[in-house]
Amino acid sequence: MLLEVRDLEAGYGASKALFGISFDVGEGEVVTLIGRNGMGKSTTVKSVCGLLRPFGGEIRFRGERIDGRSAHHVCRSGIGLVPEGRQIFPNLTVRENLVMAGRPRSGGREPWTLDRVLAFFPRLAERLNNGGAQLSGGEQQMLAIGRALMTNPDLLILDEATEGLAPLVRDHIWKSLDVLKATGLAMIVIDKELDALIGFADRHFVVEKGEVAWRGTTAELVADPSIQEAFLGV
Amino acid sequence: MAEFDPHLPRPVERLAPIVVVGLLAAVPPLAQVLGDPFLIKVATRVIVFAIAAVALNLVLGFAGMVSLLQAGLFGVGGYVVAIAAHHIFEAEPIGIAGLAWGGSADLALTLPLAAVVAGLMALVTGMVSLRTSGPYFLMITLAFDQMLYYGAVALQKYGGDDGLQILTPLTLAGWDVSNRWRFFYFALALLAVTLLVVGRLVGSRFGIVLRAAAENERRVAVSGIPPYPYRLAAFVVSGAVAGLAGGLLAAGQQFVSPADMHWVRSGDFVVMAVLGGLSTVWGPVVGAAAFVVLELLLSSWTQHWQLVFGLIIVAVVLSLRGGLADLVHLLGRSGGAR
């Protein structure tokens, strides 16, 4: 397994939000964390990425424990994050946003370089010297994904990657993610667009009240509408 | 944190530092024509303060950290130059860790030494103070500054509160620098190098990380970059350059005093940077010039000059968010629009 999360407990201050979440991601696999708002999906992501120190449990990446490590160590070990709300650097240009995150990759897949990211998102190439604050929502999302790719991750985590985007732009982002999936990049995707997730991911973990309430393949999720009804309010 | 506007007219951005240095270079001939050598003294002071303010802006404007230690490091540089010259004059070697050094009056040696000692001070203080941020960082740097200030006051052997006069003629690799023109152009060359180096740093990946961390350090961390070593490196570079500037001031006025290490002087450097503009490398040079000239003019007009000065600072900050550098940008834009 690429990523293994076992009995993860985490929260904010004295307030606990995760009560023993367990899930895993294989090499080149795409999984989703789905569930209603406030159930602990983003807290899980923050814990995995080193932005939140877990209260308990284990997080292993390529067999090595990474729980409690700082965010930059986690990123360097091969986990890239596209955070909720995009969070690009508005006062840096597109080029600077990308160059800042650039990390070389040794061996394995073809490395992500500035040129490759710009070829992947030609719109960013057109806006290369524009400030981040001057980009549209879709362009900012492309930049956020491009920035995460520049760290040359083995696992990409996308937290609400299409939130607040126009339908056409959302389609464009999903198509881009399809291309990334085809390169063998493992991904964890959190999104509200269940139809798109079903068409995109291999396995799903339904997060309910800080725990994994259901897990299964896309075929199993599609075959059981009661799951969608019970946990996702669909 | 300063907003870095990527849409500034490129020629203006490239030309502005050259124009600023060029205008300063014209001061000695102008002083000659006007028969007023005092102008050279004023412009030299502008240059020295500008070097320290440009260095501070690396930390303040680009890394988003308000440091009040700049005057302390500035003074450390001054004391290195003055003490080295003092021991030559007294013909009494300095004993450091069992080694004896006779001192030196050669700025080619003592100015780099001033930068190294101030840089080391910045490294030690930065390792502690950069563990904090915001008002805590401000308070810790203020405390370190005052420690250095009182340390200098306690140096009775070197004049204590009264400061230390440099009684040996200073040289620069054999050149006599008591000639005001020569010293002026030497200081100006150092300012030009400082602008070039800081400009390169700010535009490099190092500078991009500094600016990004000033916006949001968690976002930088999830990109695999720990902001701390970058900030520490910027703090050390800034401190070393401040030490160099302090050494220049001591050499120029043949005197060093703890007064230039007081935290109020650090505040002056912050004002110079803000007044000139935090978002450009060259803005603090304009700020230093405005500060020194206004201080001179207003203090000769009224003893309550600081009140008027304060009003001017408020007016500039409220009307020109990017400091006086904004005026140049406005001119550049209107020129570009034509």
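Just above sits the structure.
The written sequence of each chain sets the order in which its residues are numbered from 1. Going through the entries in the order they are written, you letter the chains from A and number the ligands from 1. Given that the model is predicted, a residue must reach a pLDDT of at least 70 before its local features are reported, and side-chain atom pairs must reach 80 or more before they are shown or counted; all residues, however, enter totals for whole chains, interfaces and linings. For the side-chain quantities, the full set of heavy atoms in the structure was used; hydrogens and water were omitted.

K.L.:
How do you make sense of the overall build of chain A when you look at a structure like this?
P.N.:
Counting its regular elements, chain A contains 10 helices and 10 strands. Put simply, the radius of gyration uses C-alpha atoms, and a globule should come to 2.2 Å times the residue count raised to 0.38. In summary, chain A has a C-alpha radius of gyration of 17 Å against a globular reference of 17 Å for 234 residues, a match within 12%. Based on the C-alpha atoms only, the size of chain A along its principal axes is roughly 45 × 35 × 35 Å. Each residue is placed in one exposure class: buried if its accessible area under a 1.4 Å probe, protein chains only, is under 20% of its type's maximum, exposed if it is over 50%, and partly exposed if it falls in between. The burial tally for chain A puts 57% of its 234 residues in the buried class. Contacts are assigned to residue pairs that have any heavy atoms within 4.5 Å of one another. If you take every contact in chain A between residues at least 6 apart in sequence, the share linking residues at least 24 apart comes to 67%. Carbon and sulfur atoms provide 50% of the accessible area of chain A, an area that totals close to 9400 Å². Positive charges come from Lys and Arg alone, negative charges from Asp and Glu alone, with His and the N- and C-terminal ends not counted. Every charge is mapped onto a representative atom, which is NZ of Lys, CZ of Arg, CG of Asp or CD of Glu. One way to put it: in chain A the 27 positive side-chain charges average out to a point 5 Å from where the 30 negative ones average out. Strands here mean DSSP runs of E at least two residues long; helices mean DSSP runs of H or I at least four residues long; both are numbered from the N terminus. Surface accessibility in these figures is a Shrake-Rupley result with a 1.4 Å probe; residues are shielded only by whichever protein chains are displayed.

K.L.:
I keep staring at the packing of aromatic side chains and nothing clicks. Help me out?
P.N.:
The relative placement of two aromatic rings is captured by the distance of their centres and the angle of their planes. Stacked, tilted and edge-to-face are the three classes applied to pairs of Phe, Tyr and Trp rings, where Trp contributes its six-membered ring and a pair requires centres within 6.5 Å; stacked means planes under 30 degrees apart, edge-to-face means over 60, and tilted covers the rest. Counted by the stated rule, this structure contains 14 aromatic pairs over all chains. Centre to centre, the rings of F49 of chain B and F269 of chain B are 5.8 Å apart; their planes meet at 75°, and the pair counts as edge-to-face. Here F49 of chain B, found in helix α3 (residues 38-62), pairs with F269 of chain B, found in helix α11 (residues 263-276); they are 220 residues apart in sequence, far enough to count as distant. Consider the rings of F291 of chain B and F309 of chain B, whose centres lie 5.1 Å apart with planes at 75°: the pair is edge-to-face. Of the two residues, F291 of chain B is situated in helix α12 (residues 283-301) and F309 of chain B in helix α13 (residues 305-319); the sequence distance between them amounts to 18 residues. Just as F291 of chain B is buried, F309 of chain B falls in that class too. Through pairs of rings, three or more aromatic residues link up here, namely W112, F120 and F121 of chain A. Note on geometry: a ring has a charge over it if NZ (lysine) or CZ (arginine) is within 6 Å of the ring centre and within 35 degrees of the ring normal. Just above the ring of F200 of chain A sits the side chain of K181 of chain A; from NZ or CZ to the centre is 5.7 Å. Just above the ring of Y228 of chain B sits the side chain of R131 of chain B; from NZ or CZ to the centre is 4.2 Å.

K.L.:
Would you mind going over a nonpolar patch on the surface with me for this structure?
P.N.:
Each patch is assembled from residues with relative accessible area greater than 30% and no salt bridge, linking like charges that lie within 9 Å and nonpolar side chains (Val, Leu, Ile, Met, Phe, Trp, Tyr) that lie within 5 Å. When a carboxyl oxygen of Asp or Glu lies within 4 Å of a side-chain nitrogen of Lys or Arg, that pair is called a salt bridge. Taken together, V116, L120, L123, V124, M127 and V128 of chain B make up a surface patch of nonpolar side chains, about 510 Å² in accessible area. Inspection of the secondary structure assignment puts V116 of chain B in helix α5 (residues 107-129).

K.L.:
What should I look at first to understand the environment of A16 of chain B in this one?
P.N.:
All names here are of chain B. Along the chain, A16 turns up in helix α1 (residues 10-25). On the basis of relative accessibility, which here comes to 6%, the residue A16 falls in the buried class. When the C-alpha atoms of A16 and A325 are compared, they prove to be 9.1 Å apart, with 309 residues separating the residues in sequence.

K.L.:
I'm lost on the packing of helix α2 (residues 27-34) of chain B against helix α7 (residues 180-203) of chain B in this one. Help?
P.N.:
Angle between the axes and distance between the axes: these two values describe a pair of packed helices. Residue and element names in this part refer to chain B. Axis lines are fitted to C-alpha atoms, over the contacting stretch for helices. Their N-to-C directions set the angle, which ranges from 0 to 180 degrees. Running from N to C, α2 and α7 cross one another at 150°; their axes reach a closest spacing of 10 Å. One finds that α2 runs roughly antiparallel with respect to α7. Listed contacts from α7 to V27, P28, P29 and Q32 of α2 are W181, F184 and Y185. Gly falls in the polar group here, along with every residue not listed as nonpolar (Ala, Val, Leu, Ile, Met, Phe, Trp, Tyr, Cys, Pro) or charged (Asp, Glu, Lys, Arg). Counted by class, the contact of α2 with α7 contains six nonpolar, one polar and no charged residues. Angles are sorted into four bins: roughly parallel if under 35 degrees, roughly antiparallel if over 145, roughly perpendicular if 65 to 115, and oblique for all others.

K.L.:
Which parts of the structure should I look at to understand the interface of chain B and chain A?
P.N.:
By a frequent convention, interface size equals the accessible area lost on bringing the separate parts together. Contacts between the two partners involve 20 residues from chain B and, on the opposite side, 25 residues from chain A. Between chain B and chain A, roughly 2100 Å² of surface is buried when both sides are summed, and carbon and sulfur atoms account for 59% of that area. Our count for the chain B to chain A interface comes out at one salt bridge. In protein, a polar contact means a hydrogen-donor-capable atom and an acceptor-capable atom, both N or O and within 3.5 Å, with residues adjacent in sequence counting only if both atoms are side-chain atoms; elsewhere, any N or O pair within 3.5 Å suffices. Taken together, the connections running from chain B to chain A amount to nine residue pairs in polar contact (both at pLDDT 80 or more). If you list the elements that add at least two residues to the side of chain B that touches chain A, you get α8 (205-215) and α9 (217-221) of chain B. Grouping the amino acids of the side of chain B that touches chain A by side-chain chemistry returns 10 nonpolar, four polar and six charged. Two parts lose some accessible area (1.4 Å probe) when they are put together, and adding that loss for both gives the buried area.

Spatial relationships are all this shows, so hold off on functional conclusions.
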